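Spelled out from the first residue to the last, the chains are:
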Protein chains: 2
Amino acid sequence: MMYGAGDVRIENVPDAALQRPTDAVVRVLRACICGSDLHPYHDRTAADEPTPMGHEFLGVVEEVGSEVATLRRGDLVIAPFAWSDNTCDFCREGFQTSCRHGGFWARNGVGGGQAEAVRVPLADGTLVKAPVGEDSSLLPSLLTLSDVFLTGHHCAVQARVDPTTTVTVIGDGAVGLSAVLAAKRLGAPRIILMGRHTSRTDLGREFGATEVVAERGEEGIATVLELTGGDGTHTVLEAVGHRPAYDMAVGVVRVGGVISRVGVPQYEEAPVGFGSLFGRNITLTGGPAPVRAYIEELLPEVLDGRIDPGRVFDRTVDLDGVPDGYRAMDNREALKVLVRP
Amino acid sequence: MMYGAGDVRIENVPDAALQRPTDAVVRVLRACICGSDLHPYHDRTAADEPTPMGHEFLGVVEEVGSEVATLRRGDLVIAPFAWSDNTCDFCREGFQTSCRHGGFWARNGVGGGQAEAVRVPLADGTLVKAPVGEDSSLLPSLLTLSDVFLTGHHCAVQARVDPTTTVTVIGDGAVGLSAVLAAKRLGAPRIILMGRHTSRTDLGREFGATEVVAERGEEGIATVLELTGGDGTHTVLEAVGHRPAYDMAVGVVRVGGVISRVGVPQYEEAPVGFGSLFGRNITLTGGPAPVRAYIEELLPEVLDGRIDPGRVFDRTVDLDGVPDGYRAMDNREALKVLVRP
């Protein structure tokens, strides 16, 4: 439970239980802490109601409602960071984060993933089965299909990364590194990673980054332009969300290119006129990743080891260790913290 | 020549003549006045140097430089609104408006199209031959391949309009109506045209608009949402360029949809954050249309009469009538003025 800025506590809450016939109860095997969890960790005040936390988890189905057709007790399942019916027109168009009947974890009476168990609404639409056991060594990588890797994937897909596009990734957090891996998987021949933390950018190189630029702001833009003959790259994957990252993206994108954002913007207005986007036919895209749309496609590649996105986890805690996990991510001691209840 | 706001004069200038071996001289058969010509018509001051005007024309090749390989005296040619080598990497990627060696009419020693003749730089790359005679009734429609129709086409292409996408077009000027025709041609099943001038929206209906919304601002947004079950349309083609048009576009675009702009933005900053674009995965695209990339594809359809985009011209003037033409477009007495030197 998040009480206020920097104040995360482990509490006993009523057990997760079926409320509707379309619900399932899932016992959590693995969860994790997201960079976006750090926003309330910085901003919440004691005046806010305490809230459950966590929107990334996988686990085992313990119980299903009478209308759940595709799941049974004992199934190991991945939960996307948004729950959805997966049948409405928005879902069918691939935007399950905007499902007409869906929602998000840890709000409106639905629990969070940093817990022992979670009630999952619209379980048939939301959950995806993974054919592995509870002791599988693949659980960390499978967990990244809940959010972080597929958020990087969405970023690259929306940017239309392919073997003809050069790429700049802004941000060396877990999403930025996931975007590197996703761009590599889609065939990008050149991936410039902008980040300052060597331990992270080293993993970025292993994921496929061909160059690393440590400078930021105007200096970072100048370095990327220098590397690209003054032109920038066809696509820019922006995995930070702060306004300076937007400005860097505009600075390093090539004529006719795409800026794709998955870092939740911590700003509302930004330049979009002739001098920034319009004059050079730049496209701006991105948003909350509808990961549900991608899980089935990427699952086989995780299962057969072709990709190993779980390498972004560099620390593991149990539930009692979650407050320490927040501290470690906030201090940048940890890249991404795995929670093993 | 444009002297200042509202001050357009016809003057004798030195004859267009070859300067470089890659030049051609083209005698202008048809030119026209663009909505964007009205910006300097409003804003210029007497302190600015007088400038030639016009960036849309077709004509007959009178003379070619020694290095021009594909054109001969007597060829009837269409000139895109930007000149380009059509061979550099930006051109090959389809963004001739950003050609590494190209430029725009009526600046840097290159004349404007509202004239008797024009020196055309990089003639092999810039000009496209049309197999018609000087007296062809197709000249007005062919002239729209110089800018206005292909600007509407670029808007629809960038928005990825296809038979599955519903469309809202913002603006009933010549570009907006061209965007309607382009969206119809690409198979859009539903095209809502936002415009207040009945004579124009009537042509919009003939071009393919299925509904017309005369309201603007919040009221206009509410009407489009009402027509679309509260959801808006998959694509919004914004052909105005003022900030209220941007805000309307954000208001009527559907989850996961695309806003495509071709009206030159008269603003630099605009909302792009969670509440406007990001939260619903909206893509923002568009820019100056690289019409050169599209002429060969659309030319046959104009030649065989499948499309008749020249219907946007509702007044014809000779060179002496150009000042009156500006006045008529500025007063909205004329939709688009054809110039016949």
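In this text the structure is predicted, and so the values were computed from the model without any measurement.

Rules used in this analysis
- Residues numbered from 1 in each chain as written.
- Chains lettered and ligands numbered in written order.
- Predicted model: local features only at pLDDT ≥ 70, side-chain atom pairs only at ≥ 80, totals over all residues.
- Least-squares fit on C-alpha atoms with pLDDT ≥ 70 in both.
- Contact = placed C-beta atoms within 7 Å.
- Buried ≥ 20, exposed ≤ 12 C-beta atoms within 10 Å, placed from the backbone.
- Helix = DSSP H or I, 4+ residues; strand = E, 2+ residues; numbered from the N terminus.
- Arc of directions from axis to C-beta.
- Domains from an automatic or database assignment.
- Nonpolar A, V, L, I, M, F, W, Y, C, P; charged D, E, K, R; others polar.

When you look at the relation of the copies chain A and chain B in this model, what are you seeing that I'm missing?
Both copies of the chain are related by one operation, a rotation about an axis with a shift along it. Overlaying chain A with chain B gives an RMSD of 0.0 Å, the required rotation being 180° about an axis along which the chain moves by 0.0 Å. When the rotation and shift are considered jointly, the pair of chain copies conforms to a two-fold rotation axis. Rotation axis and chain A: the residue whose C-alpha lies nearest the axis is Leu284(A), separated from it by 2.5 Å. Both copies share a contact surface, since 100% of the interface residues of chain A are interface residues in chain B too.

Got a minute to help me understand helix α8 (residues 217–227) of chain A in this structure?
Since the α-helix packs 3.6 residues into each turn, any two residues three or four apart lie on the same face. All names here are of chain A. All of the buried residues in α8 are Gly220, Ile221 and Val224. Along the long axis of α8, the arc covered by the buried residues comes to 100°, so they all point the same way. Seen from the buried face of α8, the exposed residues on the opposite side, beyond 90 degrees, are Glu218, Glu219 and Glu226. On its buried face, α8 sits against β10 (166–170), β11 (190–194), β12 (211–213) and α9 (243–252).

Looking at this structure, I do not really get the environment of Gly109(A). What am I missing?
Relative to the helices and strands, Gly109(A) resides in the loop between β7 (103–104) and β8 (117–120). Judged by C-beta crowding, with 8 C-beta atoms within 10 Å, Gly109(A) ranks as exposed.

Sorry if this is basic, but what is going on with the domain arrangement of chain A here?
In many analyses, interface size is given as the accessible surface area lost on bringing the parts together. Residue and element names in this part refer to chain A. As assigned here, chain A comprises domain 1 (2–147 + 290–339) and domain 2 (149–286). Here the C-alpha centroids of domain 1 and domain 2 sit 27 Å apart. At the interface, 17 residues of domain 1 touch 16 residues of domain 2.

Is there a simple way to think about the interface of chain A and chain B in this case?
Between chain A and chain B, the residue contacts involve 30 residues of the former and 30 residues of the latter. With 4 residues, strand β16 (residues 283–286) of chain A is the largest single contributor of residues to the side of chain A that touches chain B. Partitioning the side of chain A that touches chain B into residue classes produces 13 nonpolar, 12 polar and 5 charged.

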